[in-house]
Amino acid sequence: MTTRMVPARIILHCSATPDGRVSDWGAIRRYHKQINGWRDIGYHFGIELVGEDYEVLMGRWPDETGAHAAGQNYDSIGVCFVGAFDENTPPPAQWERGIKLVAWLCRRFAIPAKNIFGHREFDQKKTCPGRAFDLERFRKELREEMGL
């Protein structure tokens, strides 16, 4: 019997790759499996532009241990915003989809809004989810979405 992870935190990421109008999620999954040698994509969820809309894409199951933040995977859900956000902020529609997804995850798994982190907060060599990704603004808007 496999022990399931109980998520207590959410860690936000970016793919650091341009986002187009086709799904890059499969390419990220292939990279994680073929190049990194992981059994699956490291993230639990992704948010990317597919056609004209931002879609929430499934990675690992939320109660499976991820492979998205070294030393932090044991109790965290990884959410990847597909795109590169060191120079530019995430598009408003992607940002809003991320707020909605993370709010739902917080409610579903009883994760407090204060337990939302950027990958860079655990790895100083990373800028993820990007220098232009305002984590404090994200947390503030998340609290508003959750009515806190």
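Model, not experiment: these values are computed from the prediction.

What counts and how
- Residues numbered from 1 in each chain as written.
- Predicted model: local features only at pLDDT ≥ 70, side-chain atom pairs only at ≥ 80, totals over all residues.
- Heavy atoms only, no water.
- Helix = DSSP H or I, 4+ residues; strand = E, 2+ residues; numbered from the N terminus.
- Buried < 20%, exposed > 50% of the residue type's maximum accessible area, 1.4 Å probe, protein only.
- Phe/Tyr/Trp six-rings, centres within 6.5 Å; stacked < 30°, edge-to-face > 60°.
- Core = buried A, V, L, I, M, F, W, Y, C linked by side-chain atoms within 4.5 Å.
- Contact = heavy atoms within 4.5 Å.
- Axes fitted to C-alpha atoms, helices over the stretch in contact; angles between N-to-C directions.
- Parallel < 35°, antiparallel > 145°, perpendicular 65-115°, else oblique.
- Left-handed = near helix turned anticlockwise from the far one by under 90°.

Draft legend 1. Quick peek at unusual backbone geometry. Look at the link from Cys128 to Pro129: it is a cis peptide, with omega at 10°. In the Ramachandran plot, Ala16 falls in the positive-phi region, its phi being about 60° despite a non-glycine side chain. Looking at the element boundaries, Ala16 is found in the loop between strand E1 (9-14) and helix H1 (25-35). Taking relative accessible area as the criterion, Ala16 reaches 56% and is therefore assigned exposed.

Draft legend 2. Just the packing of aromatic side chains, in detail. For the structure shown, the criterion picks out seven aromatic pairs. Ring geometry for Phe81 versus Phe133: centroids 5.1 Å apart, planes at 70°, classification edge-to-face. Placement of the pair is Phe81 in strand E4 (residues 76-81) and Phe133 in the loop between strand E5 (116-118) and helix H3 (135-145), with a sequence separation of 52 residues. Taken individually, Phe81 and Phe133 each receive the classification buried, so the pair is uniform in this respect. Pairing Trp95 with Phe138 gives two aromatic rings, centres 5.3 Å apart and planes at 80°, and the pair type is edge-to-face.

Draft legend 3. Structural detail: the nonpolar core. Ranked by internal contacts, the top residues of the largest apolar core, which has 27 residues, are Ile10, Leu12, Val79, Ile116 and Phe138. When contributions to this core are tallied by element, the ones reaching two or more residues are E1, strand E2 (45-50), E4, helix H2 (92-109) and H3. Per-element tally for this core: the top contributor is H2, with eight residues. Excluding residues that lie within four positions of it along the chain, Ile116 makes contacts with Ile10, Leu12, Val102, Cys106, Ile111, Glu121, Phe138, Arg139 and Leu142. Core analysis: the next-biggest nonpolar cluster, separate from the first, contains seven residues, Ile28, Ile41, Tyr43 and Cys80 among them.

Draft legend 4. Main features of the packing of H2 against H3. Running from N to C, H2 and H3 point in directions that differ by 60°, and their axes come no closer than 9 Å. Our classification of the angle between H2 and H3 gives oblique. For the pair H2 and H3, the crossing hand works out as right-handed. Taking contact as the criterion, the partners of Trp95, Glu96, Gly98, Ile99, Lys100, Val102, Ala103, Cys106 and Arg107 in H2 are, on H3, Arg137, Phe138, Glu141, Leu142 and Glu145.

Treat this as a map of the structure, not an account of what it does.
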